[in-house]
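# Summary of structural features
Chain by chain, the residues:
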Amino acid sequence: KFFFFFSIIIKKQMISILLKNPLFKGTTPEELTNNFEGINYHIKNFKKGDILAFQGDPCNRLIILLKGSVRGEMIDYSGKLIKIEDIGAPRALAPLFLFGTENKYPVEVTANEEVDALFIPKESVLLLFQRNQLFLENYLNTSANYAKTLSDKLFFLSFKSIKQKLASYILRLSASAGNKIIMDRSQQEMADYFGVSRPSLARELAHMQDEGLISVDRKHITILNPEKLKKLIQ
């Protein structure tokens, strides 16, 4: 009887967390509880430094973080580890790669801290699609947004110099904010995003300021010469 009530408590906590995930946006607690009835899933605990998934592993289950955060890192052909992003609860890991003929994890996923993760086999995800059309719609939207993020990442990687990457990034932010923008990432996060070191990024920002392209005040950047900035990426 103890384990029965303990299981109910754990499930309620899980449902409460999942409702904060974009995949289940618009779903009520009662609907989600009913959706998971008879569904095959399990929760696993990971310690800091544990690997949740290796790059190249088959992606045959949906992993949703219930607690903690992880980092996604890609190993290039030279053996260098490139940090792609940090992912925190209650986000899902690589939902885009659950389907397709080459459905493998594109990155190695490592726990930044203690992590609780929900594992839902692919077959159970398909069953949830049948039970909850809103979940299917949210899943497709999330996958599309993830694909857009990957597309942007590849776009930035196509530029060889840090200056070109920065120019493109700043101009993209200015499209909606004008010539006075607030960077949406810290310098370390930007360096990780571009695949460069933080000191190299900081030096290039300083050079661009010395050249009169931009004015930098911490996260606040003013574009001083937009035309010259655009020529850098043409």
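Residues numbered from 1 in each chain as written. Predicted model: local features only at pLDDT ≥ 70, side-chain atom pairs only at ≥ 80, totals over all residues. Heavy atoms only, no water.

### A few points about the sheet that holds strand β10 (residues 214-217)
Read across the open sheet, the 3 strands follow the order β9-β11-β10; overall the sheet is antiparallel. The two strands at the open ends of the sheet, each matched to only one other strand, are β9 (180-182) and β10. If you compare each strand with its neighbour and ignore which way they point, the axes differ by 20° on average. In the sheet, β10 pairs with strand β11 (residues 220-223) via 4 bridges, with the strands oriented antiparallel. Across the sheet, S215 pairs through a bridge with T222, a residue of β11. In the packing of helix α5 (residues 162-177) onto the sheet, contacts are made with β9, β10 and β11, and the angle to β9 comes to roughly 110°. The sheet contacts of helix α7 (residues 198-210) involve β10 and β11, and relative to β10 the element is tilted by about 130°. (Pairing = 2+ DSSP bridges. Helix = DSSP H or I, 4+ residues; strand = E, 2+ residues; numbered from the N terminus. Axes fitted to C-alpha atoms, helices over the stretch in contact; angles between N-to-C directions. Contact = heavy atoms within 4.5 Å.)

### A word on the packing of α5 against α7
Close contact between α5 and α7 brings their axes to 10 Å; oriented N to C, the two are set at 70°. When the interaxial angle is binned, α5 and α7 end up roughly perpendicular. Judged by residue contacts, I162, K163, L166 and A167 of α5 engage S200, L201, E204, L205 and M208 from α7. (Parallel < 35°, antiparallel > 145°, perpendicular 65-115°, else oblique.)

### Some words on helix α6 (residues 187-194)
Looking at α6, one finds that the buried residues are M190, A191, D192, Y193 and F194. Where α6 terminates, the next one or two residues include G195, which has phi positive at roughly 75°. (Buried < 20%, exposed > 50% of the residue type's maximum accessible area, 1.4 Å probe, protein only.)

### Some points on the sheet that holds strand β3 (residues 61-67)
Spatially, 4 strands are ordered β1-β8-β3-β6 in an open sheet, and the strand pairing comes out antiparallel. Bordering the open sheet on either side are β1 (42-46) and β6 (92-93), each of which pairs with just one other strand. Direction of pairing for β1 relative to strand β8 (residues 115-121): antiparallel, over a ladder of 5 bridges. The partner of H42 across the bridge, within β8, is F119.

### Examining the layout of surface pockets
Estimates place the volume of the second largest pocket at around 350 Å³. Of all the secondary structure elements, the ones that give two or more residues to the lining of the second largest pocket are β5 (81-88) and α4 (133-157). In terms of residues, the lining of the second largest pocket owes the most to one element, α4, which gives 6 residues. Residue composition of the lining of the second largest pocket, grouped by class: 8 nonpolar, 4 polar and 4 charged. (1 Å grid on protein atoms, 1.4 Å probe; cavity = no way out; pocket = protein on both sides within 12 Å on 5 of 7 lines; lining within 4 Å. Points joined across faces, edges and corners; volume = space filled by probe spheres on them. Nonpolar A, V, L, I, M, F, W, Y, C, P; charged D, E, K, R; others polar.)

### Observations regarding the side chain of D116
With respect to the helices and strands, D116 occurs in strand β8. A distance of 2.8 Å separates the side chain of D116 from the side chain of N45, its partner in a polar contact. Ignoring anything within four residues of it in the chain, the contact list for D116 reads K44, N45, I64, L65, L66 and K67. (Polar contact = N/O pair within 3.5 Å; in protein donor to acceptor, adjacent residues only side chain to side chain.)

### Examining the packing of α6 against α7
Packing of α6 against α7 leaves a shortest axis separation of 9 Å and a crossing angle of 105°. Relative to α7, α6 is oriented roughly perpendicular. Here Q187, Q188, M190, A191 and F194 of α6 come into contact with α7, specifically with R198, L201, A202 and L205. Taken together, the residues of the contact of α6 with α7 sort by class into 6 nonpolar, 2 polar and 1 charged.

### A look at the packing of aromatic side chains
Enumeration over the complete set of coordinates arrives at 11 aromatic pairs. Between the aromatic rings of F97 and Y146, the centroid separation amounts to 6.1 Å while the plane-to-plane angle is 90°, which identifies the pairing as edge-to-face. Pair noted here: F97 is in the loop between β6 and β7 (108-111) and Y146 is in helix α4, with a separation of 49 residues, a long-range link. For F97, a relative accessible area of 18% translates into the label buried. Three or more aromatic residues joined by ring pairs form one cluster here, namely F24, F36, Y41, F99, F129, F135 and Y139. (Phe/Tyr/Trp six-rings, centres within 6.5 Å; stacked < 30°, edge-to-face > 60°.)

### Comments concerning the environment of A53
Looking at where A53 falls in the secondary structure, it is placed in strand β2 (residues 51-53). Note on A53: relative accessible area 1%, which makes it buried. Sequence separation between A53 and Q209 is 156 residues, and the spatial gap between their C-alpha atoms is 41 Å. In this structure A53 touches Y105, V107, E108 and V109, once residues within four positions along its chain are discounted.

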